[in-house]
Amino acid sequence: IHKDNDNQVDQLAFVRSRLFDMFIGDWGRHEDQWRWAETEEGKTTLYKPIPRDRDQAYTLFDGFLLKKIISFAGAKHLQNFDSTIKDVIKFNFPGRNMDFHLTNQVTVAQWVEIAKDLQLRLTDKIIDEAVLQLPPEVYPISGPSIAAKLKSRRNVLMQEGMRLYNYLSR
């Protein structure tokens, strides 16, 4: 994208992906966590984001010693998957470079529209059906809790998305 002005990133799709990252609690969204689908639109080459390596979704940092190590290391982005995001700016720290460069053309109205659309599409039924696909050994232990947290996170997605938008736009 730096070599030719005709090369562009689908920033709306990138914002949608980043909001979804926040929804599922995937804080590990650095540069190597993405692949790009290249499409031609006239003389423009459009790169559409493809998130990969969802290894941080639903993360739970458990135990006194681990919490102390995370705090001592200054790794505030390592947040537990909970009903809300403790600090949306720190949560998104690993993806900050991409966020600053790949969301700079998206308006606040577009962020709001994307967040609202995700909230409408991520219904209780969709969430419950998705969580039921956890391994049968895992579902009884974590499934209902994950579903409840996802529903809560969906409900605050607009608010948290606007916090990230305001930070990035400053």
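Read on for an overview of the structure. (Residues numbered from 1 in each chain as written. Predicted model: local features only at pLDDT ≥ 70, side-chain atom pairs only at ≥ 80, totals over all residues. Heavy atoms only, no water.)

1. Some details on the sheet that holds strand S2 (residues 34-41)
Logical step 1: Here we have 3 strands laid out as an open sheet, ordered S1-S3-S2, and mixed in their pairing. Of all the strands in the sheet, just strand S1 (7-9) and S2 have a single pairing partner and so form its edges. Neighbour to neighbour, the strand axes of the sheet diverge by 30° on average, direction disregarded.
Logical step 2: When S1 meets strand S3 (residues 44-51), the two strands line up parallel, connected through 3 bridges. Across the sheet, the residue bridging to Asn7 is Thr45, located in S3.
Logical step 3: This element, helix H1 (residues 11-24), spans S1, S2 and S3 of the sheet and lies at about 155° to S2. (Pairing = 2+ DSSP bridges. Helix = DSSP H or I, 4+ residues; strand = E, 2+ residues; numbered from the N terminus. Axes fitted to C-alpha atoms, helices over the stretch in contact; angles between N-to-C directions. Contact = heavy atoms within 4.5 Å.)

2. With respect to helix H5 (residues 108-121)
Working note: α-helix, 3.6 residues per turn, so residues spaced by three or four point in the same direction.
Logical step 1: When the terminal C-alpha atoms of H5 are compared, their 20 Å separation across 14 residues agrees well with the 20 Å that a helix rising 1.5 Å per residue should span.
Logical step 2: For H5, every residue scored as buried is listed here: Trp111, Ile114, Ala115 and Leu118. Along the axis of H5, the buried residues cluster in a sector spanning 95°; they form a single face. With respect to the buried face of H5, the exposed residues turned more than 90 degrees away are Ala109, Glu113 and Leu120.
Logical step 3: Elements that come into contact with the buried residues of H5 comprise H1 and helix H8 (157-169). (Expected span 1.5 Å × (residues − 1). Buried < 20%, exposed > 50% of the residue type's maximum accessible area, 1.4 Å probe, protein only. Arc of directions from axis to C-beta.)

3. So, the pattern of salt bridges
Logical step 1: Under the defined criterion, the tally for this structure stands at 16 salt bridges.
Logical step 2: Measuring nitrogen to oxygen at the nearest pair gives 2.9 Å for the salt bridge that ties Asp21 to Arg18. Here Arg18 and Asp21 lie together in helix H1, a separation of 3 residues that amounts to about one turn.
Logical step 3: Taking the relative accessible area as the measure of exposure, Asp21 reaches 0% and is therefore buried.
Logical step 4: Sharing partners across several salt bridges, the network here consists of Arg18, Asp21, Asp26, Arg29, Arg54 and Asp99. (Salt bridge = Lys/Arg side-chain N within 4 Å of Asp/Glu carboxyl O.)

4. Quick look at the pairing of S3
Logical step 1: Sheet topology places S2 next to S3; 8 bridges connect them, and they run antiparallel. Counted as the bridge partner of Trp34 is Pro51 from S3.
Logical step 2: Once S2 ends, the chain turns through 2 residues before running back antiparallel as S3, passing Gly42 with a positive phi of about 70°.

5. Here we look at the nonpolar core
Logical step 1: By size, the foremost hydrophobic cluster in this structure holds 31 residues, and its most contacted members are Leu19, Met22, Phe23, Trp111 and Leu150.
Logical step 2: Contributions of two or more residues to this core are made by H1, helix H3 (88-91), H5, helix H6 (124-131), helix H7 (139-155) and H8.
Logical step 3: With residues up to four places along the chain from it excluded, the contact list for Trp111 reads Val15, Leu19, Thr103, Val106, Gly161, Met162, Leu164, Tyr165 and Leu168.
Logical step 4: If you look at the next biggest cluster of nonpolar residues, it comprises 5 residues, including Val9, Trp34, Met98 and Leu102. (Core = buried A, V, L, I, M, F, W, Y, C linked by side-chain atoms within 4.5 Å.)

6. Describing the side chain of Gln11
Logical step 1: Among the structural elements, Gln11 can be located in helix H1.
Logical step 2: The contacts of Gln11, once residues within four sequence positions are left out, are His101, Leu102, Thr103, Asn104, Gln105 and Val106.

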